[in-house]
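Observations on chain architecture
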Amino acid sequence: MELAKATLDSQDQQRSHSASADKKAGDKNLSALYWRLLSQLQASLHNQQILATFHERVAEHFAIDGISYAAYPQADLLLIGEQQPHQAAYRLRARDDDFGELTLFRHKRLLPEELADLELLLGTLISPLRNARQYQNAIKASRKDPLTGLGNRMAMTEQLEQEIAIANRHQRPLSLMLLDIDKFKSVNDTHGHQVGDQVLRQFSDLLGRLNRQSDQSYRFGGEEFVIILRDTEAKGAMVAAERIRNAIASQTITANQADFQITASIGLAAYQSGDSTDSMIRRADMAMYKIKNRGGNDFCCAENTHLIHSTGE
Ligand SMILES: Nc1nc2c(ncn2[C@@H]2O[C@H](COP(=O)(O)OP(=O)(O)OP(=O)(O)O)[C@@H](O)[C@H]2O)c(=O)[nH]1
């Protein structure tokens, strides 16, 4: 096994690489490939597609079996092609910014002259991968609620769409829980908006601790939160709702040296064939308002058009 470890630094890399590619006058193919990669790789903002294009084009000239990329800081390994015993690994850097590790795999030894050519070509990946990372970060930020760090309404809707598709395709149960903090306005009115913000943050932390790991919580807006309960039918969702309701009501939230006894009104909707994100949210919302109108601190599950109250009324 061979391991070449090197750092590819992007400082003016493209200019120097393009100069070296052109200098290799004897190798018109390499130069042409370099320029082709440079323009084609810029066309995508997705790591998978960038690497697949790179692998496909480069494999036409070099016997490369696979390429992997571990993006920093999230180190999920993306593999195109196959891992093989012979490999050459590179750290990708742009100024002081380390943004990933790239590894080339081959079934036979990589020769020094091949490595030199490949390193030249690898330079074409730096800007596209960095742009892709910036784009992904921007997408992530646009789906995150800045106050609580939870996913926001957009993230929730996208996830719910996916969960509905899975529930529909595989005939799996799915439930949606909508929680609205009771009389939250009085927290703001009495203690100020900043304390209200602290209470919301602590409330969202509490939800995170109360959830099953597979259940994601989101801030739907204001003092409303949503939990998507995967693989959960109405009965299970009601058990979860009661557990969460009880835990919220028994917990004292302390913010700015004041104690708050928070309660929440909870509406549930269980997936029915033909449901959309809107229809599930609407049913959970109707169920939640039924509890609000009764004074809060309870849950209600909406099934079909009937509202079934937790106490069985
Ligand atoms: N501090 C803070 N308050 C918020 C935020 N978003 C919404 N609110 C407040 O949440 C309160 C919601 O008030 P209402 O809709 O009357 O609801 P409520 O007082 O909880 O009453 P019920 O829902 O009927 O129990 C308002 O005072 C909003 O200003 C936020 O990000 N931070």
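Residues numbered from 1 in each chain as written. Predicted model: local features only at pLDDT ≥ 70, side-chain atom pairs only at ≥ 80, totals over all residues. Heavy atoms only, no water.

For clarity, the threshold we go by: UniProt positions are given in the numbering used here, feature names are shortened, and annotations may be inferred rather than shown by experiment.
By the naming in an unreviewed UniProt entry, the protein goes by diguanylate cyclase and is assigned to Pseudohongiella nitratireducens. Its UniProt record, at the heading Catalytic activity (unreviewed entry), says of the protein: "2 GTP = 3',3'-c-di-GMP + 2 diphosphate". If you open the UniProt record of the protein and go to Cofactor (unreviewed entry), you find "Mg(2+)".

1. Brief notes about the side chain of Thr277
Applied cut-off: Only DSSP runs of H or I covering at least 4 residues are called helices, and only runs of E covering at least 2 are called strands; the numbering of each starts at the N terminus. Categorising residues by exposure relies on relative accessible area from a 1.4 Å probe, with only protein chains included: less than 20% of the type maximum marks a residue as buried, more than 50% marks it as exposed, and the intermediate range marks it as partly exposed. Residue contacts follow a heavy-atom distance rule, with two residues in contact if any of their heavy atoms lie within 4.5 Å.
Within the fold, Thr277 resides in helix α9 (residues 277-293). Judged by its relative accessible area of 11%, Thr277 is buried. Discounting residues that sit within four places of it in the chain, Thr277 has contacts with Thr157, Leu160, Glu161 and Ile164.

2. Notes on the packing of helix α6 (residues 184-191) against helix α7 (residues 193-210)
Selection criterion: A fitted line through C-alpha atoms serves as each axis, taken over the contacting stretch for helices, and the angle formed by two N-to-C directions is quoted from 0 to 180°. An angle below 35 degrees is read as roughly parallel, one above 145 as roughly antiparallel, one from 65 to 115 as roughly perpendicular, and any other as oblique. Amino acids outside the nonpolar list (Ala, Val, Leu, Ile, Met, Phe, Trp, Tyr, Cys, Pro) and the charged list (Asp, Glu, Lys, Arg) are all regarded as polar, and Gly is one of them.
It is at 7 Å that the axes of α6 and α7 come closest, and there the two elements cross at 140 degrees. As judged from the angle between their axes, α6 and α7 are oblique. Along its contact with α6, which presents Phe184, Val187, Asn188 and His191, the element α7 presents His193, Val195, Gly196, Val199 and Leu200. Residue composition of the contact of α6 with α7, by class: five nonpolar, four polar and no charged.

3. Focus on the packing of aromatic side chains
Selection rule: Only the six-membered ring of Trp is used, alongside the rings of Phe and Tyr, when aromatic pairs are assigned; centres must lie within 6.5 Å, and planes under 30 degrees apart are stacked while those over 60 apart are edge-to-face, with the rest tilted.
One pass over the full model with this rule turns up two aromatic pairs. Between Tyr34 and Trp35, the aromatic rings sit 5.4 Å apart at their centres with planes inclined by 85 degrees, giving edge-to-face as the arrangement. With relative accessibility at 0%, the residue Tyr34 sits in the buried group. Its relative accessible area of 39% is what places Trp35 among the partly exposed residues.

4. A short note on the environment of Leu121
With respect to the helices, strands and loops of the structure, Leu121 is situated in helix α4 (residues 112-142). Along the backbone, Leu121 and Val58 are 63 residues apart, and their C-alpha atoms lie at a distance of 8.2 Å. Sequence-distant contacts of Leu121, that is, excluding residues within four places in its chain, are made with Leu30, Leu33, Tyr34, Leu37, Phe54, Val58 and Phe62.

5. Details of the pattern of salt bridges
In plain terms, the rule: We count a salt bridge whenever a side-chain nitrogen from Lys or Arg sits within 4 Å of a carboxyl oxygen from Asp or Glu.
As enumerated under the stated definition, the model contains 15 salt bridges in all. A salt bridge links Arg143 to Glu158, with the shortest nitrogen-to-oxygen separation between them at 2.6 Å. Taken together, the residues Arg143 in the loop between α4 and α5 (153-170) and Glu158 in helix α5 connect sequence positions 15 residues apart. For Glu158, a relative accessible area of 31% gives the class partly exposed. With a shortest N-O distance of 2.8 Å, Asp182 and Lys292 are connected by a salt bridge. Pair noted here: Asp182 is in the loop between β6 (174-181) and α6 and Lys292 is in helix α9, with a separation of 110 residues, a long-range link. Here the residues in one salt-bridge network are Glu56, Arg57 and Glu60, joined through shared partners.

6. What about the site of the ligand?
Selection rule: One heavy atom within 4 Å of a molecule or strand makes the whole residue count as near it. Whenever a nitrogen or oxygen atom comes within 3.5 Å of another N or O atom, the pair is scored as a polar contact, on the condition that within protein one atom can donate a hydrogen and the other can accept it, and that pairs from neighbouring residues in sequence are kept only if both atoms are in side chains. Calculation of accessible area relied on Shrake-Rupley with a 1.4 Å probe; when residues are assessed, cover is drawn exclusively from the protein chains displayed.
Looking at the ligand, there are 15 residues lining it, with Lys183, Phe184, Lys185, Asp197 and Arg219 nearest. Contacts to the ligand include Asp180, whose side-chain N or O atom sits 3.2 Å from an oxygen atom. Contact between the ligand and Lys292: an oxygen atom at 3.0 Å from a side-chain N or O atom of the residue. Surface burial for the ligand is 65%, taken as the share of its 660 Å² of free accessible area covered by protein chains. Taken together, the elements giving at least two residues each to the shell around the ligand come down to β6, α6 and α7. Sorting elements by how many residues they give to the shell around the ligand places α7 first, with four residues. Here the residues of the shell around the ligand sort into three nonpolar, four polar and eight charged.

7. Quick notes on the pairing of strand β11 (residues 264-270)
Here is the rule we go by: Note on pairing: DSSP must find at least two bridges between two strands before they are called paired. Orient the strands so they point away from the viewer; a crossover is then right-handed if the path from the first strand over the helix to the second runs clockwise.
Of all the seven residues making up β11, seven are buried; the element is thus mostly covered by neighbouring parts of the structure. Judged by which residues are buried, β11 turns out to be covered on both faces: Ala264, Ile266, Leu268 and Ala270 on one side and Ser265, Gly267 and Ala269 on the other are all buried. Of the pairings in the sheet, the one linking β11 to strand β12 (residues 298-303) comprises five bridges and is parallel in character. Bridge pairing in β12 links Leu268 to Cys301. At this point the chain moves from β11, through α9, to the parallel β12, and the crossover so formed is left-handed.

8. Side note on the side chain of Asn211
Position of Asn211 relative to the elements: it lies in the loop between α7 and β7 (216-221). In this structure Asn211 comes out as buried when scored by relative accessible area, which is 12%. There is a polar contact of 2.8 Å between the side chain of Asn211 and the side chain of Ser217. Residue contacts for Asn211: discarding those within four places in its chain leaves Gln216, Ser217, Ile227 and Ile244.

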